[in-house]
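Below are the chains, spelled out letter by letter.
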Amino acid sequence: MPEPMPMEDLLVELNCWAGGIGAREARPGVTVCRFEEPGPYSWEPAHGVTFGLVAQGRLSVDIDRTAHGCGPLEGVVFTDRSCPAIEVVAASADHPFLAMFLQIDAAIIRRISTDVLVSDAAAVPMARRGRAGGNQCSGTFGVDARLLHSVLRFLHALDGELDERVLAPICLQEIVYRLLQIVSCQDPLEVASRESDVDPTRAAIEYIRSHLTESMSVSDIAREVQLSESAFAHTFRATIGVSPYQFLKSERLDAARRMLISRSGISVSEVARAVGYSSSSHFITEFKRRYAVTPREYANGKYSCAALEALDRQDGTHARTAEIVHFPAGN
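Residues numbered from 1 in each chain as written. Predicted model: local features only at pLDDT ≥ 70, side-chain atom pairs only at ≥ 80, totals over all residues. Heavy atoms only, no water.

(A) Highlighting the overall build of the chain. The helix and strand tally for the chain stands at 14 helices and ten strands. Counting every position in the chain, which comprises 331 residues, the buried fraction comes to 49%. The contacts in the chain between residues at least 6 apart in sequence include a share of 72% that link residues at least 24 apart. Put simply, the chain shows about 15,900 Å² of open surface, and 51% of that area lies on carbon and sulfur atoms. (Helix = DSSP H or I, 4+ residues; strand = E, 2+ residues; numbered from the N terminus. Buried < 20%, exposed > 50% of the residue type's maximum accessible area, 1.4 Å probe, protein only. Contact = heavy atoms within 4.5 Å. Areas by Shrake-Rupley, 256 points an atom, 1.4 Å probe, with all protein chains shown as cover.)

See the structure below:
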């Protein structure tokens, strides 16, 4: 059953944070607007990506002479490469315009995007999904209950100093995660989520997954992302929580596991070659060490899902760093 839309809660929350008529910076990077009449809204270009959410009234965002209307429970996303002209087009004393603008650092978007890519081997890279014109506003989009609840949790977390320091960054990451799932705002988010020169880890993951059949070393991957081997290994481990070698081995074995299930009658040697092992015996040893059964036994259904999950946790190849994205404390 879908979650109910807590519209009244959002209106109450934004009214409280607005504290009057005008635009108020509730916290660094968080601006709440309340206007009782239509008119232009002066906007200072913000670093990174800005997510705007309208709760009541109507807004027009003009980028490159293209106007994007934004009404209640609709959002809009644009980047710092744009200089939008923003105008409130529907507001009155009885029904004031209420909205929130949230500035999101590009590093947070890259981090969440990379985590999604790591967790889902079938994830489609943003670069392949995005449309042309990558630095523009891609129009408005409907805000679903999950994103709205994330926004409310974020605003509630700003109420207390400890909550703001501990919970607000987590809620901010959840908002980014929800936004990344919305097709209509991929264009600007795509700009911040990729680009190999600033995100070698993401580039390395995509390279590994597209070259699993080949023999490759950590130095090969480092060379591909234009880093020294030591710098690459340090950056990769700091981001993902495991070494590049551990991640590569995990990807090979996981691909082999899926192949054994989906391709009936395939030989162990064929699987070994398909995931980059030159030696079948080495492949069998590594596979059994990870899954506690041989590849052939696995193909024949002699495995326990619970045992496999426990092995994955012990192996640590899906570990993540516990780094919390910094969100500036309020005044």
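Anyway, onward from the coordinates.
(B) Representation of the pairing of strand β5 (residues 58–63). Looking at chain direction, β5 and strand β8 (residues 85–90) are connected through five bridges and run antiparallel. If you follow Ser60 over to β8, its bridge partner there is Glu87. Here β5 pairs with strand β6 (residues 66–70) via five bridges, running antiparallel. Residue pairing in the sheet places Ile63 in a bridge with Thr66 of β6. (Pairing = 2+ DSSP bridges.)

(C) Seen up close, the confidence of the model for the chain. In the predicted model, the chain carries a mean pLDDT of 79, and 75% of its residues have values of at least 70. Across residues 123–136, where pLDDT falls below 50, the model places 36 contacts with residues more than four positions away in sequence or in other chains. This model gives residues 306–331 a pLDDT under 50, and the stretch forms 50 contacts once residues within four places in sequence are excluded. (pLDDT = per-residue confidence, 0-100.)

(D) Expanded view of the environment of Gln173. In this fold, Gln173 is placed in helix α5 (residues 161–180). Between the C-alpha atom of Gln173 and that of Ile104, which follows or precedes it by 69 residues, the distance is 9.5 Å.

(E) Region of the structure containing the packing of helix α9 (residues 229–240) against helix α10 (residues 244–262). The contact between α9 and α10 brings their axes to 9 Å, and the two run at 65°. Of α10, the residues touching α9 (which contributes Phe232, Ala233, Phe236, Arg237 and Ile240) are Pro244, Gln246 and Phe247. Residues of the contact of α9 with α10, tallied by class, amount to six nonpolar, one polar and one charged. (Axes fitted to C-alpha atoms, helices over the stretch in contact; angles between N-to-C directions. Nonpolar A, V, L, I, M, F, W, Y, C, P; charged D, E, K, R; others polar.)

(F) Layout of the packing of helix α7 (residues 200–210) against α10. At a minimum axis separation of 10 Å, α7 and α10 run at an interaxial angle of 40°. As for the relative orientation of α7 and α10, their crossing is right-handed in sense. Every residue of α10 that contacts α7 at Ile205, Ile208 and Arg209 is listed here: Phe247, Leu248 and Glu251. A class-by-class count of the residues in the contact of α7 with α10 yields four nonpolar, no polar and two charged. (Left-handed = near helix turned anticlockwise from the far one by under 90°.)

(G) Quick look at the pairing of strand β1 (residues 22–27). Of the pairings in the sheet, the one linking β1 to strand β2 (residues 30–35) comprises five bridges and is antiparallel in character. Bridge assignment links Arg24 to a residue of β2, and that residue is Val32.

(H) Representation of the packing of aromatic side chains in the model. One pass over the full model with this rule turns up eleven aromatic pairs. Measuring from centroid to centroid gives 6.3 Å for Phe51 and Phe141, while their planes differ by 15°, and the two rings are stacked. Of the two residues, Phe51 sits in strand β4 (residues 49–56) while Phe141 sits in strand β10 (residues 141–142), which places them 90 residues apart along the sequence. Each of the two residues, Phe51 as well as Phe141, counts as buried. Both rings, one in Tyr277 and one in Phe283, keep their centres 5.4 Å apart while their planes meet at 50°; by these two values the pair is tilted. A relative accessible area of 0% means that Phe283 is categorised as buried. These aromatic residues form a ring-pair network of at least three members: Tyr277, Phe283, Phe287, Tyr291 and Tyr298. (Phe/Tyr/Trp six-rings, centres within 6.5 Å; stacked < 30°, edge-to-face > 60°.)

(I) Fine view of the sheet that holds β1. Across the sheet, six strands lie side by side as β1-β2-β9-β4-β7-β10; this open sheet has antiparallel pairing. Two strands bound the open sheet, and with one partner strand each, they are β1 and β10. Together, β2, β4, β9 (97–104) and β10 form the strand contacts of helix α4 (residues 145–157), whose direction differs from that of β4 by roughly 100°. Of the strands in this sheet, β1, β4, β7 (74–79), β9 and β10 are in contact with α5, which crosses β9 at around 95°.

(J) Region of the structure containing a nonpolar patch on the surface. A surface patch of nonpolar side chains, amounting to about 330 Å² of accessible area, comprises Leu162, Val166, Leu167 and Ile170. Relative to the elements of secondary structure, Leu167 occurs in helix α5. Overall, the relative accessible area of 38% leaves Leu167 in the partly exposed class. (Patch = residues over 30% accessible without salt bridge, like charges linked within 9 Å, V, L, I, M, F, W, Y side chains within 5 Å. Salt bridge = Lys/Arg side-chain N within 4 Å of Asp/Glu carboxyl O.)

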